[in-house]
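Results of the structural survey
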Amino acid sequence: MSRRDYLVTGVVLMVVKYLGETALLWRLTGAMLSPLQFIDPMVTHRAELYGDVGAWVVLAWTLPFIWIGLNMSMRRAIDAGYPSWNGALFLLPVFNWLVMVLLAAAPRSEPAGRGDVEQPPDHRLPRFAAALLAMLASGAVAGGMLLLGVYALRTYGMALFVFTPVAMGVVSAGIARRTGDIGIGGAIAIGQAALVLCLLVMIGVAVEGAMCVAMAWPIAAFLMLIGSALGWALCSGGRAGGLRSRGTLLLPLLLLPTIAWQETRHQPALLREVRSSVEVAAPPAAVWERVVSFPDLPKPDGIFALGIACPLRARIVGSGVGAIRYYEFTTGPFVEPITVWEPGSRLAFDVVAQPPAMKELSPWPEVRAPHLDGYLASRRGEFRLIALPAGRTRLEGSTWYQVDVRPEAYWSLWSEAFIHAIHRRVLRHIASLAEADAALSSPIAGSTGP
């Protein structure tokens, strides 16, 4: 890769990437993307610009450019006579601009003759030993980021759930390739096995429960696969061009603490609404009586048997605005002061105290994962009763909540599914009680016949 080709291709790709992101931002918000915003390395700033969906589109749009830029930079480094791992410094935020300038300016190196340099001996481990070493190194990356991100910085962010699996894949595949000459299929399999082992260890040492691990696995497995393919490719260039330096495999790790630290300064999570509804064969007045207070629900089943907080009963102390609603779950009570009291129409409340979102499934009697405290927070709720023809009622329930775990777009899929399940359980219970009350009070039900 000559200096001219590197410079011209790099500029063209940068312009194409900038135009693509500008067009997306204009389509989403009507605003233009400034050059300073384009080169801003802060992940959270980019997410704030584009929102959840837009940020994922930008990420998907960016990945091919990262791959092309990395490939070009490594080839340019080799062309300039440097070890190819110097080109991998392209991955470092901020520092990558200096790397690109230096590579574009470096003159081409004249290749040495075959006999000028003595080739070092080729040391290889048995494949089982190489795989074990790769898995241990991958586990060390996961453990280090768990301690730093969760227990030191108190953040569940992109560094932990996105960049750490990629880094684990790069490290495990790179070590497997360099020490055991393992193919790409084997490197990917080693990475996936290392991920599963790490997740099982987290359950075994009471850091996490089985349910949370199961939710984290899909996104981690996909990103681990990408990291494994990248790590294997970086180390597959042969003895002359391959990445032999141990420092190369540490490059992804340089990014993780920086990303984790900058995520401690992110903006508050988005306030999201989950709305569910059911039609009730009873008039609004009958439904209202059961909205205000209802007796015990059936025994938890389905997903609630897996530890998800399950509603049990609700009662209101007092009447009207200022009354307190106590909404009891399997993990504890919600305390909800009433803010709107419109009999037969609308009941709204804030949430001032709440229990954990779940009880972790674990062989240990108690698991207190940090994310159980405040990372999924309900802020307010509301029931709406809408009169329908033939004495029926549409009963709607809404919950406004925040999930302070990144990427929000992924974790909100789980949280909204669970909140919908809670809504359906409560709304159907209210509907069955109100319909039974309406049937008992019906003139037909109370008549003795002709």
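Quick look at the structure, then. (Residues numbered from 1 in each chain as written. Predicted model: local features only at pLDDT ≥ 70, side-chain atom pairs only at ≥ 80, totals over all residues. Heavy atoms only, no water.)

1. Observations concerning the overall build of the chain
- The helix and strand tally for the chain stands at 13 helices and seven strands.
- Per-residue burial over the chain gives 44% buried out of 450 residues.
- For the chain, long-range pairs separated by at least 24 residues make up 68% of all intrachain contacts whose partners lie at least 6 apart in sequence.
- Looking at the chain as shown, the accessible area adds up to about 22,400 Å², and 67% of this sits on carbon and sulfur atoms. (Helix = DSSP H or I, 4+ residues; strand = E, 2+ residues; numbered from the N terminus. Buried < 20%, exposed > 50% of the residue type's maximum accessible area, 1.4 Å probe, protein only. Contact = heavy atoms within 4.5 Å. Areas by Shrake-Rupley, 256 points an atom, 1.4 Å probe, with all protein chains shown as cover.)

2. Looking at unusual backbone geometry
- For the bond running from arginine 406 to proline 407, omega is -5°, close enough to zero to count as cis.
- With respect to the secondary-structure elements, proline 407 resides in the loop between strand S7 (392-403) and helix H12 (408-441).
- At aspartate 181, a residue that is not glycine, the phi angle is positive and equals roughly 50°.
- Within the secondary structure layout, aspartate 181 lies in the loop between helix H6 (158-180) and helix H7 (184-204).
- At alanine 206, a residue that is not glycine, the phi angle is positive and equals roughly 65°.
- Following the sequence through the fold, alanine 206 ends up in the loop between H7 and helix H8 (210-234).
- What makes alanine 206 partly exposed here is its relative accessible area of 26%.

3. Remarks on the pattern of salt bridges
- Going through the model one piece at a time under the given rule, you end up with 19 salt bridges.
- The shortest N-O distance in the salt bridge between glutamate 336 and arginine 325 comes to 2.7 Å. Taken as a pair, glutamate 336 in strand S4 (residues 332-342) and arginine 325 in strand S3 (residues 324-329) lie far apart in primary sequence, 11 residues in all.
- Among the residues examined, glutamate 336 registers a relative accessible area of 2% and is labelled buried. (Salt bridge = Lys/Arg side-chain N within 4 Å of Asp/Glu carboxyl O.)

4. Some remarks on the sheet that holds strand S6 (residues 376-388)
- Overall, antiparallel pairing links the seven strands, which are arranged S1-S7-S6-S5-S4-S3-S2 in an open sheet. Each of the sheet's edge strands pairs with one partner strand only, and the pair in question is strand S1 (272-280) and strand S2 (311-317). Averaged over all adjacent pairs, the angle separating strand axes in this sheet is 25°, with direction ignored.
- Relative to S6, strand S5 (residues 346-350) is paired through five bridges, and the arrangement is antiparallel. (Pairing = 2+ DSSP bridges. Axes fitted to C-alpha atoms, helices over the stretch in contact; angles between N-to-C directions.)

5. With respect to the nonpolar core
- Val287, Phe383 and Leu395 are the most contacted members of the largest nonpolar core, which has 107 residues in total.
- The greatest single-element share of this core, amounting to 13 residues, is contributed by H12.
- Excluding residues that lie within four positions of it along the chain, valine 287 makes contacts with Val280, Ala282, Leu385, Thr393, Leu395, Ile430 and Ala434.
- Counting five residues, the second-largest nonpolar core is a separate cluster that includes Leu25, Phe38, Tyr50 and Val58. (Core = buried A, V, L, I, M, F, W, Y, C linked by side-chain atoms within 4.5 Å.)

6. Brief notes about the packing of aromatic side chains
- A complete count under the given rule lists 13 aromatic pairs for this structure.
- With a centroid separation of 4.8 Å and an interplanar angle of 55°, the aromatic rings of phenylalanine 329 and phenylalanine 334 are classed as tilted.
- Through a chain of ring-to-ring contacts, three or more aromatic side chains come together here, namely Tyr156, Phe161, Tyr375, Tyr410 and Trp411. (Phe/Tyr/Trp six-rings, centres within 6.5 Å; stacked < 30°, edge-to-face > 60°.)

7. Points about the pairing of S3
- Only one face of S3 is buried: it carries Arg325, Tyr327 and Phe329, and the other face, with Ile324, Tyr326 and Glu328, is open.
- Where S2 meets S3, six bridges bridge the pair, whose relative direction is antiparallel. Across the sheet, arginine 315 pairs through a bridge with tyrosine 326, a residue of S3.
- Hairpin geometry of S2 and S3 is characterised by an intervening segment of six residues between the two adjacent antiparallel strands and by a positive phi of about 100° at glycine 318.
- Bridge analysis of S3 against S4 gives six bridges, and the strand direction is antiparallel.

8. Focus: the packing of H8 against H12
- For the pair H8 and H12, the least separation of the axes is 10 Å and the interaxial angle reads 140°. On the basis of their axis angle, the class for H8 and H12 is oblique. Helix-helix and strand crossings are classified by hand; for H8 and H12 the assignment is right-handed. For the pair formed by H8 and H12, the contact residues are Met211, Met215, Ala216, Pro218 and Ile219 on the first element and Tyr410, Trp411, Trp414 and Phe418 on the second. (Parallel < 35°, antiparallel > 145°, perpendicular 65-115°, else oblique. Left-handed = near helix turned anticlockwise from the far one by under 90°.)

9. Focus on helix H4 (residues 95-105)
- Buried within H4 we find Asn96, Val99, Met100 and Leu103. End-on, the buried residues of H4 take up no more than an arc of 95°, which puts them together on one face. Facing away from the buried surface of H4 by more than 90 degrees, the exposed residues are Val101 and Leu102. (Arc of directions from axis to C-beta.)

10. Details of a nonpolar patch on the surface
- Together, Leu7, Val8, Val11, Val12, Val15, Val16, Leu19 and Trp61 make up a nonpolar patch on the protein surface, roughly 680 Å² of accessible area in all.
- Per-element accounting of the nonpolar patch gives the leading share, seven residues, to helix H1 (residues 3-29).
- Relative to the elements of secondary structure, valine 11 occurs in helix H1. (Patch = residues over 30% accessible without salt bridge, like charges linked within 9 Å, V, L, I, M, F, W, Y side chains within 5 Å.)

11. Observations concerning the side chain of arginine 406
- Of note, arginine 406 is situated in the loop between S7 and H12.
- A polar side-chain atom of arginine 406 sits 3.5 Å from a polar atom in the side chain of glutamate 408. (Polar contact = N/O pair within 3.5 Å; in protein donor to acceptor, adjacent residues only side chain to side chain.)

12. Some remarks on the pairing of S5
- Both S4 and S5 contribute to a ladder of four bridges, which runs antiparallel. Looking at S5, one finds that valine 340 is bridged to alanine 348.
- Taking the residues that link successive antiparallel strands as the turn, the S4-S5 hairpin has three residues, and the phi of glycine 344 there is positive, at about 75°.

13. Considerations on the packing of helix H5 (residues 127-152) against H6
- Remark: H5 packs on H6, axes separated minimally by 8 Å, with the N-to-C direction vectors making an angle of 160°. The pairing of H5 with H6 is recorded here as roughly antiparallel in orientation. Relative to H6, H5 is oriented so that their crossing is right-handed. Residues Arg127, Ala130, Leu133, Ala134, Ala137, Ser138, Val141, Ala142, Met145, Leu146 and Val150 of H5 form the contact with H6, whose participating residues are Ala159, Leu160, Thr164, Ala167, Met168, Val171, Ser172, Ile175, Ala176, Thr179 and Gly180.
- Of the residues that constitute the contact of H5 with H6, the class distribution is 16 nonpolar, five polar and one charged. (Nonpolar A, V, L, I, M, F, W, Y, C, P; charged D, E, K, R; others polar.)

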